[in-house]
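Below are the chains, spelled out letter by letter.
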Amino acid sequence: MKKVLVVGEINVDLILQGYREFPVPGKEVLVDDFSMVLGSASAICAMGLARLGTPVAFLGKVGDDLLGRFCLDAMRARGIDVSRVTVDPALKTGVTAAITSPKDRALVSFLGSIGALTAADVPAEAFAGFDHLHVSSYFLQGGLRPGIHPLFRAAHGRGLTTSLDPGFDPSETWGRDLHDTLGETDLFFPNEVELRGLSATADIEAALRQLRRDRLRVVAKLGRDGAMTLEGEQLLHPPAFPVRPIDTTGAGDSFDAGFLHAWLRGQPVGACLRLAGACGALSTLGLGGTAAQPTLEEAEAFLRDSA
């Protein structure tokens, strides 16, 4: 069974769920529920992989604080190897406040330890025993970002495959360095907003063709419009699964986990998309990004019922 190393950010999500109107300056609004859960795209993807049965280890940094211990305990409970996570008393663990509804969400983040990880914290020997390297939140990880391209190149040199989820660019500049990194990337998981920002086109198919590289597969996550990728010259565009979401936090990261789990086992692209779609859909049925992530058996049962 292939093993995955996830390198990236770990933080807590404070979920404020069920707003009736969105907050504006000078005004207080109420929500239906609140929860503190493990957050961050990289950690949520790792949790989804582990839930599906893929062996996962995580390399990152947290503060030596209550929030950092909360995150590590949650990851250990899912079976993730966190022995490569540095607990640094000089740091504060990052926090994201997510204001959510079944229709959409808005995020406010304190980066804290998220920006402290650098490529120098990932020694060459870290790749030993792994088959795949995954990184999320390219634009948020200011310390790691300059080193991701050489990190992926080094991983390829060690025989690993690589995947990247860019996340949103708060500066909305969509830097050229990411395009260079795609040359060392096997799977790229942007959502619709990210894909349009990177390609400067509103046409999803045109964006997929523009970003295509020799080794790269771009899988566009389109929310209620499903997903889209190119298989040779053929456009694959499976629809989303109809569910009544409770919270969309982390759905894209669970989609990544589903696709990776199937892809690493040599499944056809169509099967990878179906498992990814099921994992993303099912993850929205609980509060936070990890509570409703499915096992492989649960995802497969959902796919049978949806056929």
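Worth saying up front: this structure is predicted, and the values here are computed from it rather than measured.

1. Quick look at the packing of aromatic side chains
- Here the structure, examined in full by the defined rule, presents six aromatic pairs.
- Aromatic side chains Phe 139 and Trp 174 sit 5.4 Å apart centroid to centroid with 90° between the ring planes, which places their arrangement in the edge-to-face category. Residue Phe 139 is found in the loop between β9 (132-136) and α3 (145-157), and its partner Trp 174 is found in the loop between β10 (161-165) and α4 (176-181); the two are separated by 35 residues along the sequence.
- Classification of Phe 139 by relative accessible area gives buried; the value is 8%.
- Overall, the relative accessible area of 11% leaves Trp 174 in the buried class.
- Pairing Phe 241 with Phe 302 gives two aromatic rings, centres 5.3 Å apart and planes at 70°, and the pair type is edge-to-face. Separated by 61 residues along the polypeptide, Phe 241 in the loop between β15 (234-236) and α7 (251-263) and Phe 302 in helix α9 (residues 296-306) bring together distant segments of the chain. For the pair formed by Phe 241 and Phe 302, the shared burial category is buried.
- Aromatic rings pair up to connect Tyr 138, Phe 139, Phe 168 and Trp 174 into one cluster.

2. With respect to a nonpolar patch on the surface
- The grouping of Leu 16, Val 31, Phe 34 and Met 36 at the surface amounts to a nonpolar patch, some 300 Å² of accessible area in total.
- With respect to the element layout, Val 31 can be found in the loop between β2 (11-17) and β3 (33-39).
- Classification of Val 31 as partly exposed rests on a relative accessible area of 31%.

3. Focus on the sheet that holds strand β13 (residues 220-221)
- Spatially, the three strands line up as an open sheet ordered β13-β14-β15, and their pairing is antiparallel. Looking at which strands have only one partner, the edges of the open sheet turn out to be β13 and β15.
- Sheet topology places β13 next to strand β14 (residues 227-231); two bridges connect them, and they run antiparallel. Looking across to β14, one finds that Ala 220 is bridged to Met 228.
- Relative to the sheet, helix α8 (residues 269-283) contacts β14 and β15, its axis offset from that of β14 by approximately 170°.

4. A word on the environment of Thr 96
- Note on placement: Thr 96 falls in strand β7 (residues 94-100).
- By relative accessible area, Thr 96 is classed as buried at 8%.
- Along the backbone, Thr 96 and Phe 152 are 56 residues apart, and their C-alpha atoms lie at a distance of 27 Å.
- Thr 96 has contacts with Asn 11, Val 12, Asp 13, Leu 14, Leu 107, Val 108 and Ser 109, leaving out every residue within four places of it along the chain.
- Looking at Thr 96, its side chain comes within polar contact range of the side chain of Asn 11, at 3.3 Å.

5. Some thoughts on the sheet that holds strand β1 (residues 4-7)
- In spatial order, the strands read β4-β1-β9-β10-β11-β12; together these six strands make up an open sheet with parallel pairing. Only two strands of the sheet have a single neighbouring strand rather than two, namely β4 (56-59) and β12 (217-218).
- In this structure, β9 lies alongside β10, joined through five bridges in parallel fashion. Within β10, the residue paired with Leu 133 across the bridge is Thr 162.

6. Quick word on α3
- Helix length check: α3 (13 residues) gives 19 Å between terminal C-alpha atoms against 18 Å at 1.5 Å per residue, within 8%.
- Burial in α3 covers these residues: Arg 145, Gly 147, Ile 148, Leu 151, Phe 152, Ala 155 and His 156.
- Each element contacted by the buried residues of α3 is listed here: β9, β10 and α4.
- Where α3 terminates, the next one or two residues include Gly 159, which has phi positive at roughly 90°.

7. Digging into unusual backbone geometry
- Located in the positive-phi region is Glu 172, a residue other than glycine, with phi close to 55°.
- Summarising the element assignment, Glu 172 is placed in the loop between β10 and α4.
- What makes Glu 172 exposed here is its relative accessible area of 53%.
- Even without being a glycine, Trp 174 presents a positive backbone phi close to 50°.

Calculation criteria
Residues numbered from 1 in each chain as written. Predicted model: local features only at pLDDT ≥ 70, side-chain atom pairs only at ≥ 80, totals over all residues. Heavy atoms only, no water. Phe/Tyr/Trp six-rings, centres within 6.5 Å; stacked < 30°, edge-to-face > 60°. Helix = DSSP H or I, 4+ residues; strand = E, 2+ residues; numbered from the N terminus. Buried < 20%, exposed > 50% of the residue type's maximum accessible area, 1.4 Å probe, protein only. Patch = residues over 30% accessible without salt bridge, like charges linked within 9 Å, V, L, I, M, F, W, Y side chains within 5 Å. Areas by Shrake-Rupley, 256 points an atom, 1.4 Å probe, with all protein chains shown as cover. Salt bridge = Lys/Arg side-chain N within 4 Å of Asp/Glu carboxyl O. Pairing = 2+ DSSP bridges. Contact = heavy atoms within 4.5 Å. Axes fitted to C-alpha atoms, helices over the stretch in contact; angles between N-to-C directions. Polar contact = N/O pair within 3.5 Å; in protein donor to acceptor, adjacent residues only side chain to side chain. Expected span 1.5 Å × (residues − 1).

No statement about biological role is implied by the geometric values presented.
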